[in-house]
Amino acid sequence: MPWTSQGGGGNPGGNGGRKGGGGPWGQGPWGPSGGGGGGKEPPDLDEILRRGQDRVRQVMRGGGGNGNGGGSFGGGVPKPFLFFIAMLLLAGVAFYGFFFRVNPDEQGIVMRFGKFDRWEPSGLHFRWPYPIEEVRLPKVTQQRTIEVGAGRSVIGGQDSGLMLTGDGSVVDVRFVVFWRISPESDSATGETGVEQFLFNIAQPEITVREVAESAMREVVGQSSLQPLLTGGRQKTQEDVQKLMQKTLDHYRAGIKIDQIQLKEVDPPAEVIGAFREVAAAGQEKETLVKQAQTYQDQVTPRARGDADRIVAAAEGYRDQTVAEATGQAARFLKVYDEYKKAPDVTRERLYLEMQERVLSGADKIILDQKSGSQGVVPFLPLDQLQKRDQQQPDGAK
Amino acid sequence: MRAFFAFILTVLGLAALGLYASAFIVHQNEQALVLRFGNPQQAITTPGLKWKVPFIDTVEKFDKRILDLDTTEQEVTASDQQRLIVDAYARYRIIDQLKFYQNVRTEDRVREVVGPLIESEIRRVLGSATLQEVVKDKREALMKQIAAQVNKEGRDYGLEVVDVRIKRADLPKENLVKVYDRMRADRVREATELRAKRKATAFAPTPTRM
């Protein structure tokens, strides 16, 4: 590790210079967008420094003599020793003026008199001190994120996630943009992504955020509500990423959009109840269909058994009826045979049989036509006659 | 001997002062305008160590990068009388330092001067389109149209407007409430439909297994 070698000479001077990005590096003209400031200092530097100072004090005390040394330093310090300290400080300052460190996640960009000169990979590198050369250390491998729409459903609020869909509805979207300094170079101009990022675009974070908002609203505006809420997430993410990349490339911003991640895509809070209602209705529908199926499964076997029984009974009845009919047909045929042999006798017999059958059950009064010339009149009313008959058992029946 | 040292020191000091006064650095992301008693001498667009006449020339530096201009939110009436809250941003760079210096000088002034220009252009262009076109059908084309016009006007200020994009085009609060009502009605209809359908499904005779 390159920085451990610094422990020897340059601690006191270097500590300050490295820490506050403003020192000899001169961040001045870049403002806050400066990608990488100073790297982290090794944690043991302070400790080493303190120990060094302690040792210095001890040496001083020893040199100054025991009698008067306690209160005032310097009075009795030997000259060569002061010179040595001064040289040490000078060496430290010189070291930090002439060398710089590039961490693994950084890329060193060296500018000579403000003009891009060369870039250095991670490690310890030489440079001319300010103002001849300046170094920028953007974190090129770092993936950065920006969350958009955290304001959620607040109408007109800061960073609101509400946006119009193509079918005139409103949807509440929260998403995260993953981006980094582009590792590729621009094919049109030959500039690397880092150069573009540093020298071509001011306020990259704001730019990414604004481009993201614009792109998301454009994509959402071209879709309708339902696919956004359900199946269309993947496509939305890809479309937004593509659109953002296109816009940023147009700015030659040196920014690569790694991924868009939709965190939440919901109906606005005001109407989410209605959406839940739909879901509930869907569930209810499922439940009732299931219940109905269960009932069906219970009822069907019983009904099938009933049906079988009824069919069996019906078949029995059929057999019986057919047998009866067959018997009667046979009897009729026998009668017919008799009839053919002696039609008159048979007809007479059939007639009498029929008369007997028909008349045996009915109320009847039989009058002899020849007995009186007055006809039926004397006997009227006929039904009274019948009553009289019941009283006199010798009635004509 | 002492006087000699003093002389040497003075000479060195003067040389350093001269160098300091006559050289200046233009960074990779900067451009500069050299003025001689306020009279523009040359515009420098390349980075590096540059020279000027000491104490006579002064240097004005400008950003060379693409800069940000965020417009304020404004209400726009589309051609179908629908109102929209529009928030847009522009990206520009300084291409004519002298014009820029004469007209606006600072980025803040750009926001004050060019911002309203963009806003009125947005009102004009979006006012001739319907809500549907703004949101869905012609968004890209409308933005291009705005950018082209603003770019033309921006030349007067020494600016090249790289892009104007609509960040938000949303409905104002009152209309949003109506949209919510409609969305709710839609959902209620859907729920009712589901409930009605489930009855139909549940009681329909199943012609299976016979």
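Residues numbered from 1 in each chain as written. Chains lettered and ligands numbered in written order. Predicted model: local features only at pLDDT ≥ 70, side-chain atom pairs only at ≥ 80, totals over all residues.

### Quick notes on the overall build of chain A
Moving on, step 1. In terms of helices and strands, chain A carries 10 helices and 9 strands.
Moving on, step 2. Expressed as a percentage of its 397 residues, the buried residues of chain A come to 23%.
Moving on, step 3. Sequence-distant contacts in chain A: of pairs separated by 6 or more residues, those separated by 24 or more amount to 65%. (Helix = DSSP H or I, 4+ residues; strand = E, 2+ residues; numbered from the N terminus. Buried ≥ 20, exposed ≤ 12 C-beta atoms within 10 Å, placed from the backbone. Contact = placed C-beta atoms within 7 Å.)

### Quick notes on the overall build of chain B
Moving on, step 1. Broken down by element type, chain B carries 6 helices and 9 strands.
Moving on, step 2. Put simply, chain B has 210 residues, and 32% of those count as buried.
Moving on, step 3. Across chain B, every contact between residues at least 6 apart in sequence was considered, and the portion connecting residues at least 24 apart equals 68%.

### Things to note about the sheet that holds strand S2 (residues 108-112) of chain A
Residue and element names in this part refer to chain A.
Moving on, step 1. Here 3 strands make up an open sheet; going across it, the order is S3-S2-S5 and the pairing antiparallel. Taken across any chain shown, the strands that pair with only one partner, and hence form the sheet edges, are strand S3 (115-120) and strand S5 (133-136). Strand after strand, the sheet turns through a mean of 30 degrees between neighbouring axes, direction not considered.
Moving on, step 2. Of the pairings in the sheet, the one linking S2 to S5 comprises 4 bridges and is antiparallel in character. When the sheet's bridge partners are listed, Val110 is paired in S5 with Val135. (Pairing = 2+ DSSP bridges. Axes fitted to C-alpha atoms, helices over the stretch in contact; angles between N-to-C directions.)

### What about the sheet that holds strand S2 (residues 30-36) of chain B?
Residue and element names in this part refer to chain B.
Moving on, step 1. If you walk across this open sheet you meet the 3 strands as S3-S2-S5, and the pairing is antiparallel. Single-partner strands in this sheet number two, and they are strand S3 (39-44) and strand S5 (57-63). The mean angle between the axes of side-by-side strands here comes to 25 degrees, regardless of whether they run parallel or antiparallel.
Moving on, step 2. As defined by bridge partners, S2 adjoins S5 across 7 bridges and the pair is classed as antiparallel. In the sheet register, Gln31 faces S5, and the bridge partner there is Phe62.

### Some points on the interface of chain A and chain B
Moving on, step 1. Facing the 48 residues of chain A at the interface are 47 residues of chain B.
Moving on, step 2. Those elements that place two or more of their residues in the side of chain A that touches chain B are S3, strand S7 (162-164), helix H5 (204-221), helix H7 (233-251) and helix H8 (272-341) of chain A.
Moving on, step 3. Ranked by the residues each element gives to the side of chain A that touches chain B, the list is headed by H8 of chain A, at 12 residues.
Moving on, step 4. Here the residues of the side of chain A that touches chain B are counted per class, giving 25 nonpolar, 14 polar and 9 charged. (Nonpolar A, V, L, I, M, F, W, Y, C, P; charged D, E, K, R; others polar.)

### Some remarks on the nonpolar core
Moving on, step 1. Within the largest apolar cluster, 80 residues are counted, with the highest numbers of intra-cluster contacts made by Met216 of chain A together with Leu84, Leu126, Val134 and Val164 of chain B.
Moving on, step 2. When sequence neighbours within four positions are dropped, the list of residues in contact with Leu84 of chain B reads Val76, Ala78, Leu126, Leu131, Val134, Ala169, Asp170 and Leu171 of chain B.
Moving on, step 3. Judged by nonpolar contacts, the second largest core, of 5 residues, contains Ile25, Val26, Ala32 and Val34 of chain B. (Core = buried A, V, L, I, M, F, W, Y, C linked by C-beta atoms within 7 Å.)

### Here's the deal with helix H9 (residues 343-360) of chain A
Moving on, step 1. Compared with the 26 Å implied by 1.5 Å per residue over 18 residues, the 25 Å span of H9 of chain A between its first and last C-alpha is a close match.
Moving on, step 2. The element H9 of chain A is barely covered by neighbouring structure, given that only 0 of its 18 residues are classed as buried. (Expected span 1.5 Å × (residues − 1).)

### Points about H7 of chain A
Moving on, step 1. Between its first and last C-alpha, H7 of chain A extends 27 Å over 19 residues, near the 27 Å set by a 1.5 Å rise per residue.
Moving on, step 2. Along H7 of chain A, the residues that are buried comprise Thr236, Val240, Gln241, Leu243, Met244, Thr247, Leu248 and Tyr251 of chain A.
Moving on, step 3. Buried residues belonging to H7 of chain A abut H5, helix H6 (225-229) and strand S9 (255-266) of chain A together with strand S8 (83-94) and strand S9 (159-170) of chain B.
Moving on, step 4. Just beyond H7 of chain A, the residue with positive phi is Arg252 of chain A, at close to 50 degrees.

### Points about the packing of H5 of chain A against H7 of chain A
Residues and elements named next belong to chain A.
Moving on, step 1. Between H5 and H7, the least distance of the axes is 9 Å, while the angle of their chain directions is 135 degrees. Considering the angle they form, H5 stands oblique to H7. Like other packed secondary-structure pairs, H5 and H7 cross with a definite hand, here right-handed. Residues Thr207, Val211, Ala212, Ala215, Met216, Glu218 and Val219 of H5 lie in contact with H7, whose contacting residues are Thr236, Asp239, Val240, Leu243, Met244, Thr247, Leu248 and Tyr251.
Moving on, step 2. In the contact of H5 with H7, the residues fall into 10 nonpolar, 3 polar and 2 charged. (Parallel < 35°, antiparallel > 145°, perpendicular 65-115°, else oblique. Left-handed = near helix turned anticlockwise from the far one by under 90°.)

### With respect to the environment of Gly193 of chain A
Residue and element names in this part refer to chain A.
Moving on, step 1. In this structure, Gly193 sits in helix H4 (residues 193-199).
Moving on, step 2. In sequence terms Gly193 and Lys256 are 63 residues apart; their C-alpha atoms lie 8.5 Å from each other.
Moving on, step 3. Those residues in contact with Gly193, other than ones at most four positions away along the chain, are Ile181, Ser182, Pro183, Glu184, Ser185, Gly254 and Lys256.

### Digging into the packing of helix H3 (residues 107-127) of chain B against helix H5 (residues 139-154) of chain B
A packed helix pair is summarised by two numbers, namely the angle formed by the two axes and the spacing between the axes.
All names here are of chain B.
Moving on, step 1. Two numbers describe how H3 lies on H5: the axes approach to 10 Å, and their chain directions differ by 140 degrees. Classified by the interaxial angle, the pair formed by H3 and H5 is oblique. Once H3 is placed against H5, the crossing between them reads as right-handed. Between H3 and H5, the residues in contact are Val114, Leu117, Ile118, Glu121, Ile122, Val125 and Leu126 and Leu142, Gln145, Ile146, Gln149, Val150, Glu153 and Gly154, respectively.
Moving on, step 2. Residue classes in the contact of H3 with H5 are distributed as 9 nonpolar, 3 polar and 2 charged.

### A closer look at the confidence of the model for chain B
Moving on, step 1. Chain-level statistics for chain B give a pLDDT mean of 88 and a share of 94% at 70 or above.
Moving on, step 2. For this predicted complex, the interface confidence reaches an ipTM of 0.87, while the overall pTM sits at 0.67. (pLDDT = per-residue confidence, 0-100.)

### Things to note about the confidence of the model for chain A
Residues and elements named next belong to chain A.
Moving on, step 1. Per-residue confidence for chain A averages 78 on the pLDDT scale, and 72% of its residues sit at or above 70.
Moving on, step 2. Element-level pLDDT for chain A is lowest in helix H1 (residues 11-19), with a mean of 39, against a maximum mean of 93 in H7.
Moving on, step 3. A low-confidence stretch, residues 1-43 (pLDDT under 50), is modelled with 74 contacts involving residues beyond four sequence positions or located in other chains.
Moving on, step 4. A low-confidence stretch, residues 63-74 stays under pLDDT 50, and its non-local contacts, those more than four residues away or across chains, total 11 contacts.

### What about the environment of Leu33 of chain B?
Moving on, step 1. Take Leu33 of chain B: it is sitting in strand S2.
Moving on, step 2. Residues within four places of Leu33 of chain B in sequence aside, it is in contact with Pro40, Ala43, Glu60, Gln97, Leu98 and Tyr101 of chain B.

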